Amino acid sequence: MKQFLEAGQIVGTHGVRGEVRVQPWCDSPTFLARLQTLYFDEGRTPVKVKGRPHGNLVLLTLEGVSTVQEASVLRGRVLYLNREDVELPEGTYFIQDLIGLRVVDADSGEEYGTLSDVSATGANDVYHIRTPRGEVLIPAVPSVVIGTDVAGGVMTIRPLKGMFDDAI
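Residues numbered from 1 in each chain as written. Predicted model: local features only at pLDDT ≥ 70, side-chain atom pairs only at ≥ 80, totals over all residues. Heavy atoms only, no water.

All right, on to the pattern of salt bridges then. For the structure shown, the criterion picks out 5 salt bridges. As a salt-bridge pair, R83 and D97 come within 2.8 Å of each other at their nearest N and O atoms. Separated by 14 residues along the polypeptide, R83 in the loop between β6 (78-82) and α3 (95-98) and D97 in helix α3 bring together distant segments of the chain. (Salt bridge = Lys/Arg side-chain N within 4 Å of Asp/Glu carboxyl O. Helix = DSSP H or I, 4+ residues; strand = E, 2+ residues; numbered from the N terminus.)

Okay, structure coming up:
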């Protein structure tokens, strides 16, 4: 598992005191704004931050950046988070850890395919499963997703009737 995960990208400046606008690539602006340290250079360069949500963005003050000129040269840079700085609730995972999991039937052990993407739909996430016959979408709900073993590389599911019979 990667220690440092992409958290967002600096998309511009805000005001004249060196704040930057960040497009979060995580659950929400609030999630990103809670972090006190982020990283540049895929985790090699730590920077202390203070953030606040601003619509669908996060406004961040970065330690050592105090002018709009200093902030503007950071536009386009990707910020990373250290997974050790985040405590996820039980049964919650980083999407980057789910991508690539083998998806198998909880009852028969039949392997359906590989989890290739996750879509947020509001009520629940939807998992995209790449199968030999095409892509199948499954709801990420407890009645379907029986177990997730990130370390073992396997997700066990109990699909709804006909879910995999109709794969394109």
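Once the structure has been displayed, the description carries forward.
On to unusual backbone geometry. For D41, which is not glycine, the phi dihedral falls at a positive 55°. One can find D41 in the loop between β3 (37-40) and β4 (45-54). The class of D41 is partly exposed, set by a relative accessible area of 32%. With a phi close to 55°, E42 is a non-glycine residue in the positive phi region. Position of E42 among the secondary structure elements: in the loop between β3 and β4. Exposure remark for E42: the relative accessible area of 53% places this residue in the exposed category. (Buried < 20%, exposed > 50% of the residue type's maximum accessible area, 1.4 Å probe, protein only.)

Judged by nonpolar contacts, the single largest core of 23 residues is most densely connected at V22, L38, L60, L62 and L81. Looking at this core, the elements with two or more residues in it are β1 (4-14), β2 (19-24), α1 (29-33), β3, β4, β5 (57-62) and β6. Not counting chain neighbours up to four residues away, the residues in contact with V22 comprise G8, Q9, I10, V11, L32, L57, V58, L60 and L79. Judged by nonpolar contacts, the second largest core, of 17 residues, contains Y112, V144, V145 and M163. (Core = buried A, V, L, I, M, F, W, Y, C linked by side-chain atoms within 4.5 Å. Contact = heavy atoms within 4.5 Å.)

Looking now at the sheet that holds strand β8 (residues 111-120). Spatially, β10-β9-β8-β7-β12-β11 is the arrangement adopted by the 6 strands of the open sheet, whose pairing is mixed. Each having just a single partner strand, β10 (134-139) and β11 (145-149) make up the two edges of the open sheet. Strand-to-strand twist of the sheet, defined as the mean angle between neighbouring strand axes without regard to direction, takes the value 35°. (Pairing = 2+ DSSP bridges. Axes fitted to C-alpha atoms, helices over the stretch in contact; angles between N-to-C directions.)

Following the criterion strictly, the structure yields 1 aromatic pair and no others. With centroids separated by 4.9 Å and ring planes inclined at 65°, the aromatic side chains of F4 and Y39 adopt a geometry described as edge-to-face. Separated by 35 residues along the polypeptide, F4 in strand β1 and Y39 in strand β3 bring together distant segments of the chain. Judged by its relative accessible area of 21%, F4 falls in the partly exposed class. The positively charged end of R77 is found above the aromatic ring belonging to F40, 4.3 Å away from the centroid. (Phe/Tyr/Trp six-rings, centres within 6.5 Å; stacked < 30°, edge-to-face > 60°. Lys NZ or Arg CZ within 6 Å of the ring centre and 35° of its normal.)

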